[in-house]
Amino acid sequence: MKRRIGFLFPPGFQALDLMATTVFEVANNMDSGPHYEMTMLSEKGGVLPSSSGVGVFTEAAGRYDFDTLIVAGVMQPLGFRSTAPFLAYLREASQQSRRTASICTGAFILAEAGLLDGRRATTHWAMARDLQRAYPKARVEEDRIFINDGRIWTSAGMTACVDLCLAMVESDLGRDASKHIARQMVVYHRRSGGQSQFSALLELEPKSDRIQQALSYAKRHLRKPLSVDELAEAANLSTRQFSRSFRLETGQSPARAVEVLRVEAARAMIESSNHPIDVVARETGFSDPERMRRAFLRAFGQPPQAIKRAAREQAAFGSA
């Protein structure tokens with residue numbers, strides 16, 4: 001029995017969100033398919049232009065017999081307001097659907113409809129704090145690829161919609177199906193919902209040369225304990241002045257920033273070598289593999305062993 005999926009588009013939607021349809025299209029082309037029936041929806045129907053001018057033909061929103069309802073996002077969510085009929089339809093259709101999802105800034109529309117009240121949610125990392133301020137009843141987690149809180153799903157920015165939809169297919173059809181689709185789409189299978197939004201790490205870049213100097217020193221000496229005193233000395237600042245300046249410029253404590261550098265280096269080492277986990281932990285400055293495992297769970301939502309296994313699968317696929 002095919003599952004019916006409704007894609008609900010607001011005016012001026014982000015055209016890249018259409019990428020989500022490809023996941024279900026490829027699922028339909030599997031030997032066991034078709035599994036999904038897709039319907040494009042807008043408030044009034046007809047050809048709806050995206051923010052880039054690319055249009056999609058839509059049906060007028062009016063039916064409610066969807067297994068899954070997916071709401072696309074817009075480029076400027078802070079200045080966007082949905083009409084009352086659009087929100088009324090979204091609330092009713094969501095209530096009658098098994099699951100409701102948003103892509104990127106579509107989370108603002110779910111929140112506007114009250115669907116994120118009391119729920120964990122994510123969106124594009126650059127808009128996450130704006131979402132939290134605008135809709136304080138939501139529990140926004142800015143550093144996640146996607147979140148599934150009960151029947152409500154939300155994804156991070158743009159291409160994270162692929163990860164979201166692969167997770168839905170995995171829930172519906174099993175891991176082998178989502179793995180097959182990822183290979184057909186030539187994408188990494190698949191980033192877990194708990195994985196960090198890598199773009200958020202760019203916010204670590206400091207404004208001053210002295211703090212940059214300390215970070216560069218830390219990157220070169222990850223095997224060392226890297227105390228605040230040592231980093232302050234590398235920046236030619238007092239410990240107190242360094243700690244205050246570091247947090248002001250990066251938004252993080254020195255200890256948290258060092259952990260970010262270590263997990264990035266450890267992940268790169270795991271994915272590009274055959275070194276045992278304990279060797280990776282030692283080379284990147286973690287005191288033991290268990291400490292590295294906890295840091296990986298905080299940063300990526302999965303342990304080093306899972307990332308190592310996924311890297312091996314990806315390598316095997318690339319050589320097939």
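Preceding block: the structure.
Read on for a plain summary of the structure. What you are looking at is a predicted structure, and each value in this text was computed from that prediction instead of being measured.

What counts and what doesn't
Residues numbered from 1 in each chain as written. Predicted model: local features only at pLDDT ≥ 70, side-chain atom pairs only at ≥ 80, totals over all residues. Heavy atoms only, no water. Pairing = 2+ DSSP bridges. Helix = DSSP H or I, 4+ residues; strand = E, 2+ residues; numbered from the N terminus. Axes fitted to C-alpha atoms, helices over the stretch in contact; angles between N-to-C directions. Contact = heavy atoms within 4.5 Å. Core = buried A, V, L, I, M, F, W, Y, C linked by side-chain atoms within 4.5 Å. Buried < 20%, exposed > 50% of the residue type's maximum accessible area, 1.4 Å probe, protein only. Salt bridge = Lys/Arg side-chain N within 4 Å of Asp/Glu carboxyl O. Right-handed = clockwise from strand over helix to strand, strands pointing away. Expected span 1.5 Å × (residues − 1). Arc of directions from axis to C-beta. Polar contact = N/O pair within 3.5 Å; in protein donor to acceptor, adjacent residues only side chain to side chain.

### Some details on the sheet that holds strand β4 (residues 55-60)
At step 1: Within the open sheet, the 8 strands sit side by side as β3-β4-β2-β1-β5-β6-β10-β9. Their pairing is mixed. Both edges of this open sheet fall to β3 (46-49) and β9 (146-149), since each of them pairs with a single strand only. Geometrically, the sheet is characterised by an average inter-axis angle of 30° between neighbouring strands, direction not taken into account.
At step 2: With 2 bridges joining them, strand β2 (residues 36-42) and β4 adopt parallel strand pairing. In the sheet register, Leu41 faces β4, and the bridge partner there is Glu59.
At step 3: Running over the sheet, helix α2 (residues 84-96) touches β1 (3-8), β2, β5 (68-71), β6 (99-102) and β10 (152-155) and is turned about 145° from β5.

### Quick look at the nonpolar core
At step 1: With 36 residues, the main nonpolar core has Phe7, Phe9, Val23, Phe24, Ile70 and Ile181 as its most contacted residues.
At step 2: Residue assignment for this core shows that the elements contributing at least two residues are β1, α1 (19-28), β2, α5 (160-173) and α6 (175-185).
At step 3: With 9 residues, α5 is the largest single contributor of residues to this core.
At step 4: Here Phe9 is in contact with Leu18, Met40, Leu41, Ser42, Leu48, Val56, Thr58, Ala72 and Phe86, once residues within four sequence places are set aside.
At step 5: Within the second largest apolar cluster, 28 residues are counted, among which are Leu41, Phe66, Leu69 and Leu90.

### Topic: the pattern of salt bridges
At step 1: Applying the stated criterion to the full structure yields 18 salt bridges.
At step 2: Arg133 serves as the salt-bridge partner of Asp130, at 2.6 Å between the closest nitrogen and oxygen. With Asp130 and Arg133 both in helix α4 (residues 128-134), this residue pair falls 3 residues apart, about one helical turn.
At step 3: A relative accessible area of 60% means that Arg133 is categorised as exposed.
At step 4: Within this structure, Arg3, Asp67, Arg98, Arg99 and Asp172 form a network of salt bridges that share partners.

### Observations concerning unusual backbone geometry
At step 1: For the bond from Gly33 to Pro34, the omega torsion is 0°, close enough to zero to count as cis.
At step 2: Here Pro34 is to be found in the loop between α1 and β2.
At step 3: Despite not being glycine, Cys104 shows a phi value in the positive range, around 55°.
At step 4: Among the secondary structure elements, Cys104 is positioned in the loop between β6 and α3 (106-112).
At step 5: Since its relative accessible area comes to 7%, Cys104 is described here as buried.
At step 6: Look at Asn236: it is not a glycine, yet its phi comes out positive at around 60°.
At step 7: Considering the arrangement of structural elements, one finds Asn236 in the loop between α8 (228-234) and α9 (239-250).

### Topic: the pairing of β6
At step 1: Here β6 shows two buried faces, one formed by Arg99 and Ala101 and the other by Thr100 and Ser102.
At step 2: Of the pairings in the sheet, the one linking β5 to β6 comprises 4 bridges and is parallel in character. Bridging across to β6, Thr68 finds its partner in Arg99.
At step 3: Each parallel crossover has a hand, and the one from β5 via α2 to β6 is right-handed.
At step 4: As paired elements, β6 and β10 share 3 bridges and run parallel to each other. Within β10, the residue paired with Ser102 across the bridge is Thr154.

### Here we look at helix α12 (residues 289-300)
At step 1: Under the 1.5 Å per step criterion, the end-to-end length of α12 is 16 Å for 12 residues, consistent within 8% with the ideal 16 Å.
At step 2: Three or more residues of α12 are buried, namely Met292, Ala295, Phe296, Ala299 and Phe300. Seen end-on, α12 carries its buried residues on one side only, within an arc spanning 105°.
At step 3: The distance from a side-chain oxygen at the start of α12 to the backbone nitrogen of Glu290 is 3.0 Å, and the residue carrying that oxygen is Asp288.
At step 4: Positioned one or two residues after α12, Gly301 has a phi angle of 75°, which is positive.

It is worth stressing that arrangement in space is one thing and function is another; only the former is reported here.
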